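Summary of the model geometry
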Amino acid sequence: MKRYRWMTFFLQAILFFGVSLDALATASGSISSSPSHLVIEKGALGSSTISWTTSGTADAQVYVSNPGGQETLMAQGASGSVSAPWIVSGQTYVFRLYEGTAHSNILAWSSVTTQASPANTFGFDYWPAGHGDDTLYNANWPSLSPTVQADLDHISSLGGGVIRIFFWPQVSGFTVSSGNGGQFNSQLTEISGNLPSFLKLCADRNISVIVTFGNNYYSDNDPTSGLPWWAWAYGNTNQGFSAFLNDTATWMNKIVGAIESSPYANSVIYYDLENEYFQQTTNAQWYISFLYDWSNVPDGKRGVSVLNAAPDAADLAFALNNAAGPKLGTRHLDYVDFHSYITPQTYPNYVSNTPSQAAATVKSIFPDAAIVMGEFGYQTGDTSPNGSADTLQQQRATLNAINDAQQAGVSYYLNWLIWDAIAPAQRTPAFGANPNSPRDVMGGVSAALGILYNPDMEIVSNGAPAGWSIGGTVPATLSSQSGYGVGNASTNYNYARVSTSQTSGAVWMVSNQFPVKGGRQLFMNSYIRSSMRNVGMAITEYDQNRNSIKSDAGPTFNPTSWGFVNYLQQISSSCSGAAVAQDQCSWNVTLQPNTAYVIISFNAQPGATAPSYLDVDTVSAWQRP
């Protein structure tokens, strides 16, 4: 009873002295930024919407500041929403919500982080030849690591700075069965465990990685029942689809978690939540909005690829802006990926899917996202020989697509595979059937994107490849040989030949000096066919005054058959033991800080039977910008 009397007295006192209950209430508020992370192109400005609400106060103010900078009044009112269209790349903006106008009591804060739109970078969709995400199985990874090391150095030597790797549920430990839903097996644990080692190889070479999730259970049908695989496994109901989504998020989050908790998380620039979003797939909007909301992909790394630039990009934007879920109203994509394939029927006048046109369409729908051409290529015949109209057209079309992507300002553009897919395809845009069987396009791209003059030996001067010369301890000759197809050039029409009638001593073929940037990695590769011994590549470094300062010799090998072989793959094939774990199975060189010029050389000892030959073709050399 005394307690109630005290409360009555307290209320009477409030009324007597004219104090309102609102004044005694603690002010509170919330503020948000949408989007909270922006990828901003060079010279452009980004925009974010700042929204806030308060209670327990009649007024409030929003101030903005850069880290360490003075706060500036941006807006005022107990609640509201304003646009900040002046955001610059490379800055972090903090928005603080203050009670009243005294600029003293902070109720809440929000921030907008930014990054520059990526540089225009070439790359490949990648897994080693004959493999997919099974590369990372415990039974495969130790033996495939040397192959991957050589492939990554080869990709780098071609001007590649980015790769895109795929994960499919049925290969990476998430399986389904009829009426029993999904199950997870040890393959998911193995892949997650070995993934950091794979990323380390990429980080060591400054190769950026895009991680893409494809899901056949969602996009494909069981051939017997005609139902989508998810409906076949979980039941063709909303409840069944919801259970499937939960398992899909679990599978994806296991892989994302393995990456983001590793020391190499920064190597992954973004995650493609769904490969080739297609508006006509059942529950398409539900699927993508759920994965956006419930996957553990961090801010700044969310991306989606679309099957068709115009209709599917628009439908994707609608889904993100309207589908129900906890992040409705704040969904923002950092990257949007389109694909551009060329076939003999559409080249050279393929109209609706050129890189520049597709990029413009996607950019108009997602103006704040970095635009990526995640897959492109000319689909040549799987068995078309080099020199055929098909492979030469692949070369021209690929170079045109690269030029178009560069002119359009596409952030990343990736050829679909460097080597053919796991199963032989009727038509393929890959750069080779396997690492030892390159197509003509590889030579063309090396010449177009590389830093070495006449790497494909196609320019001939006085009967020899221009820009190359020979030396040795015994007499030898350098000539240009020609011919398409098996037994002739590795790619295109011409190749270099060093020949000698001696059976001892040493011979070498060297490039002209070419400018490089000191202190950076230099990536090189070549295709070699030889009857000589101890065959290898080397470089000599020179300072600004062209004084020799250092020589770096790569491993050598002894050819066992007559045919062009991939140098990096050849030297990595014998790698074992500690060298595998220490990333010493391939070859690249970090130049001296004062190196200004380099020459590349090919060295060999004559064979026991005269004459002996050293044939060189499809050389590639590149440095990161």
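Residues numbered from 1 in each chain as written. Predicted model: local features only at pLDDT ≥ 70, side-chain atom pairs only at ≥ 80, totals over all residues. Heavy atoms only, no water.

Turning our eyes to something else, we now look at the packing of helix α10 (residues 355-365) against helix α11 (residues 389-408). Interhelical geometry of α10 versus α11 gives an angle of 35° and a closest axis separation of 8 Å. The interaxial crossing formed by α10 with α11 has right-handed handedness. Along its contact with α10, which presents Pro-355, Ser-356 and Ala-359, the element α11 presents Ala-401, Asp-404, Ala-405 and Ala-408. Across the contact of α10 with α11, the residue classes tally to five nonpolar, one polar and one charged. (Axes fitted to C-alpha atoms, helices over the stretch in contact; angles between N-to-C directions. Helix = DSSP H or I, 4+ residues; strand = E, 2+ residues; numbered from the N terminus. Left-handed = near helix turned anticlockwise from the far one by under 90°. Contact = heavy atoms within 4.5 Å. Nonpolar A, V, L, I, M, F, W, Y, C, P; charged D, E, K, R; others polar.)

Our focus in this paragraph is the packing of aromatic side chains. If you walk through the whole model with that rule in mind, you get 32 aromatic pairs. Taken together through their ring pairs, the aromatic side chains of Trp-127, Trp-141, Phe-167, Phe-174, Phe-184, Phe-198, Phe-213, Tyr-217 and Trp-251 make up a single cluster. One Lys or Arg, Arg-497, reaches over the ring of Tyr-613 and ends 4.3 Å from the middle of that ring. The ring of Tyr-597 has Arg-546 sitting right over it, with the charged end atom 3.9 Å from the ring centre. (Phe/Tyr/Trp six-rings, centres within 6.5 Å; stacked < 30°, edge-to-face > 60°. Lys NZ or Arg CZ within 6 Å of the ring centre and 35° of its normal.)

As a further point, take the sheet that holds strand β6 (residues 80-87). Taken in spatial order, the three strands make up an open sheet running β1-β3-β6, and their pairing is antiparallel. Two strands lie at the open edges of the sheet, namely β1 (28-34) and β6, each paired on one side alone. On average, each strand axis in the sheet is tilted by 20° relative to the strand beside it, whichever way the strands run. Both strand β3 (residues 46-55) and β6 contribute to a ladder of six bridges, which runs antiparallel. Counted as the bridge partner of Ser-48 is Ala-84 from β6. (Pairing = 2+ DSSP bridges.)

The subject of this paragraph is the confidence of the model for the protein. Counting all residues, the mean pLDDT for the protein is 91, and 92% of those residues have values of 70 or more. Segment residues 1-24: pLDDT under 50, and five contacts once partners within four positions in sequence are set aside and those in other chains are kept. Here residues 348-352 is modelled with pLDDT under 50, and outside its nearest four sequence neighbours on either side it reaches seven contacts, counting other chains as well. (pLDDT = per-residue confidence, 0-100.)

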